[in-house]
Amino acid sequence: MTDSERLWTGVVLSLFMHFSLTLFHEAPPEETPALRVVLAVDESSSLTPKGTRQGTGLHAASPHDREEAEKLDRKRRAYLRYIEDVDEAVHARRLASGEKDLIGVALCAFTINRDGSFSDVRLVASSGRPQLDASALRAVRAASGVARRPEILGSDPIHVSLHVKYQYDLR
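What comes next is a walk through the structure. Being a predicted model, the structure only gives us computed values, none of them experimental. (Residues numbered from 1 in each chain as written. Predicted model: local features only at pLDDT ≥ 70, side-chain atom pairs only at ≥ 80, totals over all residues. Heavy atoms only, no water.)

### Describing a nonpolar patch on the surface
- Together, Leu7, Trp8, Val11, Leu15 and Phe19 give the surface a local cluster of nonpolar side chains, amounting to about 540 Å² of exposed area.
- Structurally, Trp8 can be placed in helix 1 (residues 3-24).
- We classify Trp8 as exposed; its relative accessible area is 56%. (Patch = residues over 30% accessible without salt bridge, like charges linked within 9 Å, V, L, I, M, F, W, Y side chains within 5 Å. Areas by Shrake-Rupley, 256 points an atom, 1.4 Å probe, with all protein chains shown as cover. Salt bridge = Lys/Arg side-chain N within 4 Å of Asp/Glu carboxyl O. Helix = DSSP H or I, 4+ residues; strand = E, 2+ residues; numbered from the N terminus. Buried < 20%, exposed > 50% of the residue type's maximum accessible area, 1.4 Å probe, protein only.)

Next up, the structure:
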């Protein structure tokens, strides 16, 4: 038997085995997943005509709830914008002491008081480099009171954890 005959015999046997297994082997029947939806509607749901809850149901919520939802949304947006401003103020002061050879991240925590000043500034997770950690704490303290706290946030203290990032002298 030549090499060519052996090759063709192998191909024929392989095809025969493949088709015989698929022909005589029965696949288990596929189970179609049952889709079951349960929708519980109570009296105050927005899905009922007299509902008072905010929602995306068939009926709109009452105007009072919509006003409250808009007020909370404005407060949420002001909070996020304020936290971004605080982050930018801290990161703008990282390199103020002239240390441009630092690379790493330090996690600092602090409390923002009613007047926008920071208190209880502490290091939560070290970068592994004492020089970077000290610089991060200095940057947080230097940013205290820089970003104006919006009136809508009220007077409750805001507790913040902030990753202070250093990548050499990149701002």
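### Here we look at the sheet that holds strand 3 (residues 158-167)
- Taken in spatial order, the three strands line up as 2-1-3 in an open sheet, and their pairing is antiparallel. The open sheet has two edge strands with one neighbour each: strand 2 (118-125) and strand 3. Across the sheet, the mean angle separating the axes of adjacent strands is 25 degrees when strand polarity is ignored.
- Two strands pair when backbone bridges link them, and strand 1 (residues 103-112) and strand 3 are joined in this way by ten bridges, in the antiparallel orientation. Paired with Cys108 across the strands is Leu162, a residue of strand 3. (Pairing = 2+ DSSP bridges. Axes fitted to C-alpha atoms, helices over the stretch in contact; angles between N-to-C directions.)

### Things to note about the side chain of Ser117
- Here Ser117 shows up in the loop between strand 1 and strand 2.
- A polar side-chain atom of Ser117 sits 2.7 Å from a polar atom in the side chain of Asp115.
- In contact with Ser117, not counting residues within four places along its chain, are Thr111, Ile112, Ser144 and Gly145. (Polar contact = N/O pair within 3.5 Å; in protein donor to acceptor, adjacent residues only side chain to side chain. Contact = heavy atoms within 4.5 Å.)

### Here we look at the nonpolar core
- With 25 residues, the main nonpolar core has Val90, Phe110, Ile112, Phe118, Val140, Val164 and Tyr166 as its most contacted residues.
- Elements with a contribution of two residues or more to this core: helix 2 (63-92), strand 1, strand 2, helix 3 (130-142) and strand 3. (Core = buried A, V, L, I, M, F, W, Y, C linked by side-chain atoms within 4.5 Å.)

### Let's talk about the packing of aromatic side chains
- Going through the model one piece at a time under the given rule, you end up with one aromatic pair.
- The aromatic ring of Tyr166 is capped on one face by Arg94, whose charged end is 5.7 Å from the ring centroid. (Phe/Tyr/Trp six-rings, centres within 6.5 Å; stacked < 30°, edge-to-face > 60°. Lys NZ or Arg CZ within 6 Å of the ring centre and 35° of its normal.)

### Examining the environment of Arg94
- Locating Arg94 in the fold gives a position in the loop between helix 2 and strand 1.
- Under the relative-accessibility criterion, Arg94 is labelled buried at 5%.
- Residues Arg94 and Tyr166, 72 residues apart in the sequence, show an inter-C-alpha distance of 7.7 Å.
- Side-chain polar atoms of Arg94 contact the backbone oxygen of Lys165, separated by 2.4 Å.

### Topic: the pairing of strand 2
- Here strand 1 runs beside strand 2; their pairing, made up of five bridges, is antiparallel. Within the sheet, the bridge partner assigned to Leu107 lies in strand 2 and is Ala125.
- The turn joining strand 1 and strand 2, which pair antiparallel and follow one another in sequence, is formed by five residues; a positive phi near 95 degrees is taken by Gly116.

### A word on the pattern of salt bridges
- Applying the stated rule across the entire model yields four salt bridges.
- Asp120 serves as the salt-bridge partner of Arg122, at 2.9 Å between the closest nitrogen and oxygen.
- Here Arg122 falls in the partly exposed class, since its relative accessible area comes to 39%.
- For Asp120, a relative accessible area of 48% puts it in the partly exposed group.

### Concerning the side chain of Arg149
- The residue Arg149 is located in the loop between helix 3 and strand 3 in this model.
- Of the side chains bearing the opposite charge, Asp156 lies closest to the buried Arg149, which forms no salt bridge; the N-O distance is 6.7 Å.
- Here the side chain of Arg149 touches Ile112 through a polar contact of 3.3 Å, landing on its backbone oxygen.
- A polar side-chain atom of Arg149 sits 2.5 Å from the main-chain carbonyl oxygen of Asp156.
- Ignoring any residue separated from it by four or fewer positions in sequence, one finds Arg149 in contact with Tyr82, Ile112, Asn113, Arg114, Gly116, Gly154, Ser155, Asp156, Pro157 and Ile158. (Lys, Arg positive; Asp, Glu negative; His and termini not counted.)

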